Amino acid sequence: MWLSIFIYILGINICQAAEAKNSTQIYYATLTIDQNVFSNISEKLSGFFVSDRNLQIEELKMTTNCTNEEFSTLKSCECMSGHRWSDDACKAEMCCGETSCSLSRSSSLMCISNSTVHVTGKISTKRSEYQVCLTDKNSKTFKDCNSEMIENMKKVYSTLKGFDTLTIKRYSFGSVVVDFEMKIISDLKSEDLIDRSVNLTNLLEGSLELETTGFVILTVPSEAVHYNKNTSITCTTKEDLGAQPEWKLNKSGEHFTITNGTVSTVTIQQRESRVLLNSVNELWEGEYLCVFVQKNNSAIIRHKANATMDICLIPKITVSTKPSFPRCRTSDDVLLVEISCEIDRTNENYTVTWSEHAIQGKNNFGERTHIYTAKKFITCDKSSNESSTRAVASCTFTNMCGQTTSKEFHFEIIHADGKYCAGEYEWEDTKADFTAEIKCRNQAGVKKRKCNSQEKWEEPVSECVNQDLSDVLMSAKISDIGLGELDMNTAIVFSRFNNVTKTAKLNTRANIYTSVQVLDTLQTKLSNCCLIQNNTAVDNFLDSSSNLLNDTLESSWNTTTSGNISSMADTYLNSVETLVKIANITGGSKKSNLEVSEGSGQYNNSVFNVTLGIENSSVVKTTGFKSLHKYLPNDDNSTEINSIVVAATTDGKQRSNTEVNIKFGLLKARPRNVKITCVYRDKNKWSSEGCQWGGPDNEDSCICNHLSSFAVLMSKEPLKVLWLEQVTYVGLGISIVSLFIGLLIELVVWSDVVKTNTLYLRHTAHVNISLCLLVGNACFLASSETKSITEAWCRTSAVLKHFCYLAMFFWMLCLSTTLLHQTVFLFHKVSKKSYLRFSLALGYGCPVIVVFVTFLSYGAGSEGVYYSKDTCWLVYSGLFKGSIYTFVIPVATIVFINVFSMLVVIMKLLSHNQNADMSQEKEKAAAKTVLRSVILLTPIFGVTWVFGLATMIIDLTSGIQADVVNYIFVVLNAFQGLFILLTSYFGDRMTREAVLKRFRRTVPVSSISESTATKSESFKK
């Protein structure tokens, strides 16, 4: 038997090297010898010499031993100790490592030394004479230039022991860039390579980059790693290279740096580095690289090793059937149903098996998924025990490591007597109390629709998510596993996320929820370890967060659905607040729906017209959110959010005495007597602890003692004074009865008491005042339940009350002016007819004009302009705004005149001389009678309405003083009818005597003069 032996001879070329150093050259030889003389081959070859006198043989090594196979054209080859198959053999014949291989007898493939180093390099030279190397390759100038370049490079590198070959691959522009390859087959020290490289850069006046293989050895598991198992990859070096290793993974055209993460742990020791992987999956399959970088002023050398690690994958199986709910017409039917087992696309070559009696069908390998199908017969007979037609099937996937995973599926049959919802549109027949699912087209997720127990379809629920958005969420979830630096991964995620929120239609709740999950995932991973320093990443984060608050997405935020995603607005707020805190936002940033400002010390800045001030603070970031207030849940149904949400965070420790002054821009004007509460977001709820409202005089101001996310809540209903409404109803009821009694008394005693013109004027005014107040109070009671009456009656009652209360005051004015006239012009007589005409014109004519003009001027009596549907009374819209002032101003004027009249009367009485004669004494007695009437009738003249004006000025949110004023006004005004009865009737002696006369006819009635005399005597006493 004949053997083929491949050997190489290391020779020393004395003349080739530069700087008087010896150059080396490798010679290869193939010997074919008889197997019987193999043992003597080394001894025979030891005397082998090359005839060239310039060469000296230094070392001779045998690399490969091949034996011709009998009856075959092949030879069986194996590497000698310390050798391995060359890369060419590994690529061409799959002969890798130190394994034995069968090759063609004519093949020249051979093993190489384990210490062989391959070098690829790129040198840039500035020497102008090498510009001709960029010319046509067939030209003489190029060939001469190329020869000179090779000669200069070999002069330097051939002095390395074991130097084998050096080949220039190409020339390119950029000065003159030379790409070359070199092979060295014996042990090589990195410092020797660096030394020669520096010499070459000096010789060519340029810079050099080298990449070597052979210095570093990368060891990966020799067999495919089982799914979800732990493994490790080791990188060792022949010597201490004085540099930290860089770990990389190349897969599917992407390049990842391996760092410490939740899955990977990188350890570094002298001459060894290791990557420990926990629970590996498909993400860790690919080509691993271990790189050491050595740098010099003009040379960079990268020592690398690479190897591929295979992982046996286990798929996630999704099962579906056609039809989803097989329907039986009769119990004797046998149905043929198709089953599909769907997995994500992969390179794993699974062995797929089906349960017994399932007939394998066609497979469909799509762009993103692989679908395996089978068919099975199932029976509609509930009592059948036949295994071949049972409503159960399963598929099993086995990977190349023998690991298996199965998915069993039970068919939900609609029996002949079973309840179901008939199919409509894209929805198939569905069994009652079950939910039909349809895979989203060109999107991730499914659409669902339930058939309830009453055989009625419920509304469909879409869980479809934009595919790009779904991929972004997946990238965010794996950003910290160790594939790449976390800050770089998050920057990539933010960039992709921003593109999706700008270009994609995310107008579904599922898309909004997924978007919020992206932010929540990133803040969870970044909050405890990293700052977002990349300005582009910060900008993309703010842009994408702002895009989610666009008005076009409002319906998606507010869509109601079952599940645990109702608080996603809180998740959004917490996520953005945390990310803003750790982001490098110098000076602030403003987006369409999101604004961030930053400051420290005497900090006072604004976002979206909300001003926030903090004294003596560390760096504070304030974030304003447009529209977010619409989506945050509010557990208090009696209030609504009336400002944008503003979040304040600090990068330092918050001081306990922090005072935060916030001036909000209210979204709606605060109605009168409506309370505002300053709140912050605490555990997904609004809390007012530690916050105080500025009051009605500073209604848009809040002061809080901590940093958080702030807003203001406004009550939907105005404040009410406790028991005030009940007191009003009781008082009005008593007043109505009292006024009715007073009018009845007037009717009974009119002829007995009305003896003079003055008394006629007085009692006429009393009757009309009582009548107007009676009608007004009755209308007030009739319209008190505003929610249960019609709009027409509410408007009518507002007009009637407006007229009656005005008429009451104008009749009071009539009485007041009469009293004033009687006091000042004591002996001037006014006829009944003249007084009556004047009083009717003033008492009823003026109110009619005021009400008529007001009704036309304020939207022809429209709701919200002339009257309020909530009160069936005039509208108050602010200071000197609203129809209420057409009542307040006349009343205030009349009250002023009445008070003026009282003062004039009092002063007139006090000015009388005590030494006056008898006629003057009678005049004084009469004046005192008038004064007594004025004092008793002051409530009738409307002094109590001064408190009414005060209730218009003082807001109920002001505190206890507002309650006191309201109680005084209600008590005085609601019981006004009773006051009139007591003062004008029971308090008047003539009226009392006239009433008593009706009940006790034996008592004589005094004459007018006697009554006057009696009054005079009483005053004298």
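In what follows, the accompanying structure is described. (Residues numbered from 1 in each chain as written. Predicted model: local features only at pLDDT ≥ 70, side-chain atom pairs only at ≥ 80, totals over all residues. Heavy atoms only, no water.)

**Section: the overall build of the protein**
Along the protein, the regular secondary structure elements total 21 helices and 46 strands. Partitioning the contacts of the protein with sequence separation of at least 6, the portion at a separation of at least 24 is 67%. (Helix = DSSP H or I, 4+ residues; strand = E, 2+ residues; numbered from the N terminus. Contact = heavy atoms within 4.5 Å.)

**Overview of the pattern of salt bridges**
Within this structure, the stated rule accounts for 28 salt bridges. Salt-bridge contacts for Lys140 lead to Asp144; the nearest nitrogen and oxygen are separated by 2.9 Å. Residue Lys140 and its partner Asp144 are both found in helix α3 (residues 140-157); the two are separated by four residues, about one turn of the helix. Lys591 is paired through a salt bridge with Asp543; the nearest N and O atoms lie 3.4 Å apart. With Lys591 in the loop between β34 (589-590) and β35 (594-607) and Asp543 in helix α8 (residues 535-547), this residue pair connects regions lying 48 residues apart in the sequence. The pair formed by Lys591 and Asp543 is uniform in burial state, with each residue classed as buried. (Salt bridge = Lys/Arg side-chain N within 4 Å of Asp/Glu carboxyl O. Buried < 20%, exposed > 50% of the residue type's maximum accessible area, 1.4 Å probe, protein only.)

**Some words on the sheet that holds strand β11 (residues 206-213)**
Taken in spatial order, the eight strands of this open sheet run β9-β10-β8-β11-β19-β18-β14-β15, and their pairing is mixed. The open sheet has two free edges, formed respectively by β9 (163-173) and β15 (254-257), since each of these has just one partner strand. The average angle at which neighbouring strand axes cross in this sheet is 20°, direction not considered. Relative to β15, strand β14 (residues 245-251) runs antiparallel, the two sharing four bridges. Each bridged residue has a counterpart across the sheet, and for Lys248 the counterpart in β15 is Thr257. The sheet contacts of α3 involve β9, β10 (176-184) and β11, and relative to β9 the element is tilted by about 135°. Against the sheet, helix α4 (residues 190-204) contacts β8 (117-125), β10, β11, β18 (286-295) and β19 (299-309), and its axis sits at roughly 150° relative to β11. (Pairing = 2+ DSSP bridges. Axes fitted to C-alpha atoms, helices over the stretch in contact; angles between N-to-C directions.)

**Overview of the state of the cysteines**
Taken as a whole, this structure holds 14 disulfides when the rule is applied. Across the disulfide from Cys95 sits Cys101; the S-S distance is 2.3 Å. A torsion of -135° about the S-S bond marks the disulfide between Cys95 and Cys101 as left-handed. Cys95 sits in the buried class, given a relative accessible area of 2%. Looking at Cys101, the relative accessible area reads 8%, which means it is buried. Between Cys772, a free cysteine, and Cys804, which holds the nearest cysteine sulfur, the sulfur-to-sulfur gap is 5.7 Å. Of the residues examined, Cys772 reaches a relative accessible area of 4% and is grouped as buried. (Disulfide = S-S within 2.5 Å.)

**Here we look at the side chain of Ser394**
Here Ser394 is to be found in strand β25 (residues 392-398). With residues near it in sequence (within four places) discarded, Ser394 still touches Thr353, Trp354, Ser355, Lys407 and Glu408.

**Observations regarding unusual backbone geometry**
In this chain, Lys322 is followed by Pro323 through a cis amide linkage whose omega measures -10°. Tracing the chain through its elements places Pro323 in the loop between β20 (318-322) and β21 (334-344). Despite not being glycine, Asn228 has its phi angle at roughly 65°, a positive value. Although it is not a glycine, His357 sits at a positive phi angle of roughly 75°.

**Concerning the sheet that holds strand β12 (residues 216-219)**
Taken in spatial order, the four strands make up an open sheet running β12-β13-β17-β16, and their pairing is antiparallel. Every interior strand has two partners, whereas the edge strands, β12 and β16 (264-269), have only one. Sheet twist, expressed as the average angle between the axes of neighbouring strands with direction ignored, equals 15°. Here β16 runs beside strand β17 (residues 272-277); their pairing, made up of six bridges, is antiparallel. Within the sheet, the bridge partner assigned to Gln269 lies in β17 and is Glu272.

**Describing the packing of aromatic side chains**
Counted by the stated rule, this structure contains 18 aromatic pairs. Between Phe409 and Phe411 the ring centres are 5.5 Å apart and the planes differ by 85°, which places this aromatic pair in the edge-to-face class. Residue classification places Phe409 among the partly exposed positions, given a relative accessible area of 21%. Between Trp811 and Tyr844, the aromatic rings sit 5.5 Å apart at their centres with planes inclined by 70°, giving edge-to-face as the arrangement. Within this pair, whereas Trp811 is found in helix α13 (residues 791-824), its partner Tyr844 is found in helix α14 (residues 832-857), the two being separated by 33 residues in sequence. Residue Trp811 is classed as buried on the basis of its relative accessible area of 0%. One aromatic cluster in this structure is built from Tyr350, Phe365, Tyr372 and Phe397. Sitting over the face of the ring of Trp686, Arg681 holds its NZ or CZ atom 4.7 Å from the ring centroid. (Phe/Tyr/Trp six-rings, centres within 6.5 Å; stacked < 30°, edge-to-face > 60°. Lys NZ or Arg CZ within 6 Å of the ring centre and 35° of its normal.)

**A short note on the pairing of β10**
Most of β10 sits inside the fold, with eight of its nine residues counted as buried. As paired elements, β9 and β10 share nine bridges and run antiparallel to each other. In the sheet register, Leu166 faces β10, and the bridge partner there is Met182. Hairpin connection between β9 and β10: a loop of two residues separates the two successive antiparallel strands, and Gly174 in this loop has a positive phi of roughly 120°.

**Points about the packing of helix α5 (residues 467-477) against helix α6 (residues 486-503)**
Close contact between α5 and α6 brings their axes to 10 Å; oriented N to C, the two are set at 160°. As the angle between them shows, α5 and α6 are arranged roughly antiparallel. Remark: the crossing between α5 and α6 carries left-handed chirality. Together, Asp468, Leu469, Asp471, Val472, Ser475 and Ala476 of α5 and Val493, Arg496, Phe497 and Val500 of α6 make up the contact between the two elements. In the contact of α5 with α6, the residues fall into six nonpolar, one polar and three charged. (Parallel < 35°, antiparallel > 145°, perpendicular 65-115°, else oblique. Left-handed = near helix turned anticlockwise from the far one by under 90°. Nonpolar A, V, L, I, M, F, W, Y, C, P; charged D, E, K, R; others polar.)

**Focus on the environment of Ser638**
In this fold, Ser638 is placed in the loop between β36 (610-625) and β37 (639-641). Taking the relative accessible area as the measure of exposure, Ser638 reaches 41% and is therefore partly exposed. As a C-alpha pair, Ser638 and Glu717 span 79 residues in sequence and 7.3 Å in three-dimensional space. For Ser638, the side chain forms a polar contact with the side chain of Asp636, separated by 2.6 Å. (Polar contact = N/O pair within 3.5 Å; in protein donor to acceptor, adjacent residues only side chain to side chain.)

**Re the nonpolar core**
Grouped together as the largest cluster of nonpolar side chains are 78 residues, with contacts concentrated most on Tyr157, Leu218 and Trp284. In terms of residue count, α3 provides more of this core than any other element does, six residues in total. Not counting the four nearest positions on each side in its chain, Trp284 is found in contact with Leu249, Lys251, Ile258, Val263, Ser264, Leu277, Met309, Ile311, Ile481, Gly482 and Leu483. (Core = buried A, V, L, I, M, F, W, Y, C linked by side-chain atoms within 4.5 Å.)

**Overview of the packing of helix α11 (residues 724-753) against helix α18 (residues 960-974)**
Running from amino to carboxyl end, α11 crosses α18 at an angle of 15°, the nearest separation of the two axes being 8 Å. Between α11 and α18, the angle falls in the class roughly parallel. Crossing angle aside, the handedness with which α11 passes α18 is right-handed. In this structure, α11 contributes Leu724, Val727, Thr728, Gly731, Leu732 and Ser735 to the contact, and α18 contributes Asn966, Tyr967, Val970, Val971 and Ala974. Looking at the contact of α11 with α18 residue by residue, the class counts come to seven nonpolar, four polar and no charged.

**Notes on α18**
In this model α18 runs 21 Å from its N-terminal to its C-terminal C-alpha over 15 residues, within 8% of the 21 Å that 1.5 Å per residue would give. Within α18, the full set of buried residues consists of Ala962, Val965, Asn966, Phe969, Val970, Asn973 and Ala974. Angularly, the buried residues of α18 cover 130° about the axis, an arc narrow enough to put them on a single face. (Expected span 1.5 Å × (residues − 1). Arc of directions from axis to C-beta.)

**As for α5**
Note: α-helices contain 3.6 residues per turn, so residues at a spacing of three or four share the same orientation. Within α5, burial applies to Gln467, Leu469, Val472, Leu473, Ser475 and Ala476. Buried residues belonging to α5 abut β30 (443-444), β33 (465-466), α6 and α7 (509-526). Measuring from the side-chain oxygen of the N-cap residue of α5 to the backbone nitrogen of Asp468 gives 3.0 Å; that N-cap residue is Asn466.

**A short note on the environment of Asn489**
Note on placement: Asn489 falls in helix α6. Residue Asn489 is classed as buried on the basis of its relative accessible area, which comes to 14%. C-alpha of Asn489 to C-alpha of Ser475: the two residues are 14 residues apart in sequence and 8.2 Å apart in space. Here Ser479 takes part through its backbone oxygen, which lies 2.9 Å from a polar atom of the side chain of Asn489.

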